[in-house]
Amino acid sequence: MDKLALFGGSPLLRSEDHGRWPQVTAEDKAAVMEVLDRGLLSGMYAPATRAFEADFAKYVGAKHALLTHCGTSALQLAVAAAGIGAGDEVIVPAYTFIATAFACLQEGAIPIFADVDEYTGLIDPASVEAAISPRTRAIMPVHVHGCPADLNALSAIAKKHNLLLLEDAAQAHGATYQGKPVGALFAAGGFSLQSSKNLSAGEGGVFVTNDDAIAEQAIRLRNFGQDVIADDARHFDLVRPLDGHRGLESLRIGSMYRGNEMMAAFARTQLARLPELTSRAQTHFQKMSHALSELPGLKMQAIGSDRTSVHHKVRLWLDPKAAGVPMSTTAFRDGFIKALRAEGVEVVLWQNAPVPEHAVFQKMEGFGRNSPWSAGGAEAMQFARKNYAMKYEATRRLLDGSVILFSQSCPLIAQNEHVVGKTIQAIQKVWHHRGDLARAVAQ
Ligand SMILES: Cc1ncc(COP(=O)(O)O)c(C=O)c1O
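Quick caveat, the model's predicted, so the values are computed rather than measured.

A. Geometry of the overall build of the chain. Within the chain, the regular secondary structure consists of 14 helices and 14 strands. Here the chain has a C-alpha radius of gyration of 23 Å; the compact-globule value for 443 residues is 22 Å, and the two agree. Taking the principal axes of its C-alpha atoms as reference, the chain extends roughly 70 × 55 × 40 Å. The 443 residues of the chain split such that 52% are buried. Put simply, 74% of the contacts in the chain that link residues at least 6 apart link residues at least 24 apart.

B. Here's a closer look at the site of the ligand. Taken together, 14 residues surround the ligand, and among them Gly71, Thr72, Ala99, Ala170 and Ser192 come closest. The set of elements that each furnish at least two residues to the shell around the ligand consists of helix H3 (71-81) and helix H4 (99-105). Of the residues belonging to the shell around the ligand, the class tally is five nonpolar, eight polar and one charged.

C. Summary view of the packing of H3 against helix H7 (residues 212-221). Relative to each other, H3 and H7 sit at 125°, their axes nearing to 9 Å. What the angle tells us is that H3 and H7 run oblique. Relative to H7, the crossing made by H3 is right-handed. On H7, the residues touching Leu77, Ala80 and Ala81 of H3 are Ile214, Gln217, Ala218 and Leu221.

D. Representation of the pairing of strand E4 (residues 136-139) in the model. Of the pairings in the sheet, the one linking strand E2 (residues 89-93) to E4 comprises three bridges and is parallel in character. Following the sheet pairing, Val90 is matched in E4 by Ala138. Relative to strand E5 (residues 164-168), E4 is paired through two bridges, and the arrangement is parallel. From the neighbouring strand, Ala138 faces E5, where its bridge partner is Leu164. For the handedness criterion, the β-α-β arrangement of E4, helix H6 (residues 151-161) and E5 is classed as right-handed.

E. Quick look at the domain arrangement of the chain. By the assigned domains, the chain splits into domain 1 (5-22 + 274-351 + 397-442) and domain 2 (26-270). Here the C-alpha centre of domain 2 lies 31 Å away from the C-alpha centre of domain 1. Domain 1 puts 24 residues into the contact, and the matching count from domain 2 is 25 residues. Within the residue set of the side of domain 1 that touches domain 2, elements represented by two or more residues are helix H8 (261-292), strand E11 (307-308), strand E12 (314-318) and helix H12 (393-400). Sort the elements by how many residues they give to the side of domain 1 that touches domain 2 and H8 lands first, with three residues.

F. Structural context of the environment of Ala359. Relative to the assigned elements, Ala359 resides in helix H10 (residues 359-363). For the pair Ala359 and Phe336, spaced 23 residues apart in sequence, the C-alpha to C-alpha distance is 29 Å.

G. Representation of helix H13 (residues 417-432). Spanning 16 residues, H13 covers 22 Å between terminal C-alpha atoms, matching the ideal 22 Å at 1.5 Å per step. Along H13, the residues classified as buried are Val419, Val420, Lys422, Thr423, Ala426, Ile427, Lys429, Val430 and Trp431. In this structure, the buried residues of H13 make contact with H8, strand E10 (298-300), helix H9 (329-342) and strand E14 (402-405).

H. Main features of unusual backbone geometry. Residue Pro22 follows Trp21 across a cis peptide bond; omega there is 0°. Even without glycine at this site, Tyr392 takes up a positive phi of about 50°. Examined against the element boundaries, Tyr392 turns out to sit in the loop between helix H11 (378-388) and H12. Owing to 24 C-beta atoms within 10 Å, Tyr392 belongs among the buried residues under this scheme. In this structure, Phe406 is a non-glycine residue whose phi angle is positive, near 70°. Tracing the backbone shows Phe406 in the loop between E14 and H13.

I. Examining the nonpolar core more closely. Counting residues in each nonpolar core, the largest one holds 137 residues, and the members touching the most others are Leu77, Ala78, Val79, Ala82, Ala138, Leu166 and Val206. Here this core gets eight residues from one element, more than from any other, and that element is H8. Summarising the domain contributions, this core has at least three residues from each of domain 1 (5-22 + 274-351 + 397-442) and domain 2 (26-270). Those residues in contact with Val79 that sit more than four places away from it in its chain are Ile84, Val90, Ala103, Cys104, Glu107, Ala109 and Leu166.

Criteria and thresholds
- Residues numbered from 1 in each chain as written.
- Predicted model: local features only at pLDDT ≥ 70, side-chain atom pairs only at ≥ 80, totals over all residues.
- Helix = DSSP H or I, 4+ residues; strand = E, 2+ residues; numbered from the N terminus.
- Rg over C-alpha atoms; globule rule 2.2 N^0.38 Å.
- Buried ≥ 20, exposed ≤ 12 C-beta atoms within 10 Å, placed from the backbone.
- Contact = placed C-beta atoms within 7 Å.
- Near = placed C-beta within 6 Å.
- Nonpolar A, V, L, I, M, F, W, Y, C, P; charged D, E, K, R; others polar.
- Axes fitted to C-alpha atoms, helices over the stretch in contact; angles between N-to-C directions.
- Parallel < 35°, antiparallel > 145°, perpendicular 65-115°, else oblique.
- Left-handed = near helix turned anticlockwise from the far one by under 90°.
- Pairing = 2+ DSSP bridges.
- Right-handed = clockwise from strand over helix to strand, strands pointing away.
- Domains from an automatic or database assignment.
- Expected span 1.5 Å × (residues − 1).
- Core = buried A, V, L, I, M, F, W, Y, C linked by C-beta atoms within 7 Å.

The structure is reproduced here in structure tokens:
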């Protein structure tokens, strides 16, 4: 096999070979132009927003979908609309993006972390059960990388302890669990439309639920906690779109979480192409899994046979011992990244620490005077502090021993067969020369 590009061989890919994301088409541009021509750029009941919400609700099998300005605000709506607040604990995975935990803190609730499965990255039901306290109100699994969490096991725990299940489906548009799309399978959930996501609007989010009462609260919370109701849509007037018929009294704390018409129109045309692009990404993932399974010490995310992933991110686990290379896991990983990047492959870490290790949890300063942790009382503060001091060993092993193929700017869904084929070849090439990775690190 040819020399590694890192040591003077020819790279297999050029940066410009990669598909960037999101891909903006003539339909997307026409849809946004239509909004601009209409001149109505915002509003809960404005036409592009309503049309997107209806299409998205259908896509994920939800009765209600509400466009928000980001995925974090969609998750905040899920937490608050489900009635979770001051002093309540929500169990979230230690391996996720910070927003899962922040969605709880921003609503006055306390995130308590559970470890994940090392080879799926999904919240570990046994660790969830161990994290339950008398203050626990909900579990918020993350369908990480687009793969649904172990929902049967989690729902059994939720039932046993009388807890709510909220889904962080930020990365999982169209993923299914036992044949059903995830997001609104339990009390409520949230999706992200941030640029890297399989469904993108630049920024944005969608709150989903099948529960009418929770939806009613979410509508309110999205709009400064005001006395708005779903039925107000009937009185919407295109000529006076910003003038409602209500006094707009704020009944509870909310915020301005609405999206706008341009993002709705853009997301809607993107959504129309999503099934086809998801299916292509799934085929590419299968192809990579098949080709790489022959390499000793390399593993891709394990997807249960009862679910489908949309492969928002592609994680690759590396085991130097099984590969026969006497290097530490992190040194081997770093050498692998260097060698792959030299081949022109997009590869990133995405996260490098369990979320509870972030300073915000170690310090627990919060909004000041330890709020919101202090709302739970001294025992709750102590419980959280102990939880944040835990080791989260599976999460740590996952982070130290694996990499994300492709990147936020060039995710799998944007790649064609050529790039996927060359990426496979590059990994095979680096693996063939894996004995040289110590030299790669030293360089
Ligand atoms: C797992 C997870 N949860 C929540 C979010 C928050 O979404 P947003 O960035 O749109 O607020 C993201 C994405 O950034 C995410 O990956």
